[in-house]
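Summary of structural features
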2 protein chains.
Amino acid sequence: MDLLTQKNIRATTFRKEVLAVFLEHDYAISINTIEKSIGKHDRITLYRTIKTFIEKGILHEVLIPNEEKKLAMCQSECSSDGHQHDHIHFKCEACEEVYCKEVDRVPQLQLEGFKVKSIEINASGICEKCG
Amino acid sequence: MDLLTQKNIRATTFRKEVLAVFLEHDYAISINTIEKSIGKHDRITLYRTIKTFIEKGILHEVLIPNEEKKLAMCQSECSSDGHQHDHIHFKCEACEEVYCKEVDRVPQLQLEGFKVKSIEINASGICEKCG
DNA sequence: ATTTAAAACGCAACATTGTTGCAATTATTT
DNA sequence: AAATAATTGCAACAATGTTGCGTTTTAAAT
């Protein structure tokens, strides 16, 4: 049973094609990159596909200040009920790619007077391949 | 000596007006909010002003997945040479505002094989005012 | 296997967000 | 006060994202 059926959405040709692009990359990619990777395509359908994928917990947005919006695949724990990530985003200053890195324990945070429920981390530096 | 002169840019009427909007808020605001706050204005000039402010270390972008881009003021340590933030972004699920919160110590991160140089944190939960 | 109903697609048209070039204006320097 | 350099405002455009609607595809039901 493939990921799409598993997430309760129809496994159409187009969706499988888009998903394949993500599976080919181990880092976050932009909508532009997707558009270049799939052949003939409809921009509107792509936007709708991405929106659906985000809602269903297949993709998540990766936002780094002053950069183009990127997308990456979620872990299996994400669903329409919500995203649940035990990973951080790591931008390599050398190859410029943004990787999702699973971590054993996401650092916790204490804020006087604030009730912290979730935490999202974007780090940068030099990645494994470039280091 | 005002902030603009301090950062080596001309203290024009327009820039002072934009800066005033940020000083009125203790949370991150969208370009839309700025546009509504300043009276007569030119969209293009506003975009250029924001770009300059970011370059000069006066503002920084605050990006939360699936949300409108927001901007907030930097601490004094930021300059054209780079941004240096000892704070995190906190989105309140109740009032929906995003606050920049200074922290004593930004949590550190170990990543096998990766050289972590900087780290940026977006947390969410309930803020002081709503808690 | 065929029918049927729901979901997804593709097109057109549009809304929003952000950029570039250039002439006119404003702020600083001499 | 004049000269110089930075900033502004306009027009035009580029990029990004959305909505409505008729057609096609998918999955389920006969």
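The coordinates are above.
Summarised in this report is the structure supplied together with it. The written sequence of each chain sets the order in which its residues are numbered from 1. Chain letters start at A and ligand numbers start at 1, both assigned in the order the entries are written. Confidence filtering applies because this is a predicted model: local features only for residues at pLDDT of at least 70, side-chain atom pairs given and counted only at 80 or more, and all residues used for totals across whole chains, interfaces and linings. To get the side-chain values, all heavy atoms of the structure are used, and hydrogens and water are removed first.

A look at helix H4 (residues 43-55) of chain B
Residue and element names in this part refer to chain B. Heads up, the condition is: Secondary structure elements follow DSSP: runs of H or I of four or more residues count as helices, runs of E of two or more count as strands, with numbering from the N terminus. Expected helix span is computed as 1.5 Å times (number of residues minus one). Burial classes: relative accessible area under 20% of the type maximum marks a residue as buried, over 50% as exposed, and values in between as partly exposed (1.4 Å probe, protein chains only).
In this model H4 runs 19 Å from its N-terminal to its C-terminal C-alpha over 13 residues, within 8% of the 18 Å that 1.5 Å per residue would give. Listing the buried residues of H4 in full gives Leu 46, Thr 49, Ile 50, Thr 52, Phe 53 and Ile 54. Two residues or fewer after H4 comes Gly 57, characterised by a positive phi angle close to 80°.

Things to note about the protein's contact with DNA strand C
Stated formally: For this description, a residue counts as near a given molecule or strand if any of its non-hydrogen atoms is within 4 Å of it. Residues adjacent in sequence count toward polar contacts only when both atoms are side-chain atoms; beyond that, a polar contact is any pair of N or O atoms within 3.5 Å, and within protein one must be able to donate a hydrogen and the other to accept it. Residues are grouped as follows: Ala, Val, Leu, Ile, Met, Phe, Trp, Tyr, Cys and Pro are nonpolar; Asp, Glu, Lys and Arg are charged; every other residue, Gly included, is polar.
Around DNA strand C sit 20 residues in total, of which A:Thr12, A:Arg15, A:Arg48, B:Arg43 and B:Tyr47 are the nearest. When atoms of DNA strand C within 4 Å of the protein are split into backbone and base, the sugar-phosphate part holds 58%. A distance of 3.2 Å separates a sugar or linking oxygen of DNA strand C from a polar side-chain atom of A:Arg10. The contact in question runs from a phosphate oxygen of DNA strand C to an N or O atom on the side chain of A:Arg15, over 2.8 Å. Where the surface near DNA strand C is concerned, the elements lending two or more residues are helix H2 (13-24) and helix H4 (43-55) of chain A together with helix H3 (31-37) and H4 of chain B. Residue contributions to the surface near DNA strand C peak at five residues, all from H4(B). A class-by-class count of the residues in the surface near DNA strand C yields seven nonpolar, three polar and ten charged.

Comments concerning the sheet that holds strand S5 (residues 98-102) of chain B
Strand pairing within a sheet occurs via backbone hydrogen bonds; the two strands may be parallel or antiparallel. Here is the rule we go by: Pairing between two strands is assigned when DSSP locates at least 2 bridges connecting them. Fitted lines through C-alpha atoms serve as axes, helices being fitted only where they are in contact, and the angles separating the N-to-C directions of these axes extend from 0 to 180 degrees.
With respect to topology, six strands assemble into an open sheet ordered S5(A)-S4(A)-S6(A)-S6(B)-S4(B)-S5(B), the strand pairing being mixed. The open sheet is flanked by strand S5 (98-102) of chain A together with S5 of chain B, the only strands paired with a single partner. When strand polarity is set aside, the average angle formed by the axes of neighbouring strands in this sheet is 25°. Where strand S4 (residues 87-92) of chain B lies against S5(B), five bridges are found, and the strand directions are antiparallel. Among the inter-strand pairings, B:His87 is bridged to a residue of S5(B), identified as B:Glu102.

A word on the protein's contact with DNA strand D
A:Arg43, A:Tyr47, B:Thr12, B:Arg15 and B:Arg48 are the nearest of the 20 residues found near DNA strand D. Backbone atoms, meaning sugar plus phosphate, form 58% of the atoms of DNA strand D positioned within 4 Å of the protein. The separation between a base oxygen of DNA strand D and a polar side-chain atom of A:Arg10 is 3.0 Å. Elements that contribute at least two residues to the surface near DNA strand D include exactly helix H3 (31-37) and H4 of chain A together with helix H2 (13-24) and H4 of chain B. Ranked by residue count, the leading element in the surface near DNA strand D is H4(A), at five residues. For the surface near DNA strand D, a count of residues per class yields six nonpolar, four polar and ten charged.

Observations regarding the sheet that holds strand S2 (residues 59-62) of chain A
Residues and elements named next belong to chain A. Strand order in this open sheet of three strands is S1-S3-S2, and the pairing throughout is antiparallel. Two strands bound the open sheet, and with one partner strand each, they are strand S1 (29-30) and S2. Note that S1 and strand S3 (residues 70-73) share two bridges and pair antiparallel. Within S3, the residue paired with Ile 29 across the bridge is Leu 71.

Notes on the relation of the copies chain A and chain B
How we decide: Only residues with pLDDT of at least 70 in both copies contribute their C-alpha atoms to the least-squares superposition of the copies.
Rotating chain A by 180° about the axis while translating it 0.0 Å along that axis superimposes it on chain B, leaving an RMSD of 0.0 Å. Here the two chains are linked by the operation of a two-fold rotation axis. Taking the C-alpha atom as reference, chain A places A:Ile121 closest to the rotation axis, 2.3 Å from it.

A few points about unusual backbone geometry
What is expected of a backbone is that most residues other than glycine have negative phi and most peptide bonds are trans. Residue and element names in this part refer to chain A. Here the phi dihedral of Asn 8 falls at roughly 70°; this positive angle occurs in a residue that is not glycine. Relative to the elements of secondary structure, Asn 8 occurs in the loop between helix H1 (3-6) and H2. Of the residues examined, Asn 8 reaches a relative accessible area of 67% and is grouped as exposed. Backbone geometry at Glu 96 places phi at a positive 70°, although glycine is not the residue there.

Looking at the nonpolar core
Side chains of a nonpolar character, in soluble globular proteins, are inclined to be buried together. Applied cut-off: For this analysis, a nonpolar core means a set of buried residues of the types Ala, Val, Leu, Ile, Met, Phe, Trp, Tyr and Cys, connected via side-chain atoms within 4.5 Å. We call two residues in contact whenever any of their non-hydrogen atoms come within 4.5 Å of each other.
Within the largest apolar cluster, 26 residues are counted, with the highest numbers of intra-cluster contacts made by A:Ile88, A:Phe90, A:Ile121, B:Ile88, B:Phe90 and B:Ile121. Where this core is concerned, the elements lending two or more residues are strand S4 (87-92) and strand S6 (115-126) of chain A together with S4 and strand S6 (115-126) of chain B. Beyond its immediate chain neighbours, meaning those up to four positions away, B:Ile121 contacts A:Leu109, A:Ile119, A:Glu120, A:Ile121, B:Ile88, B:His89, B:Val106 and B:Pro107.

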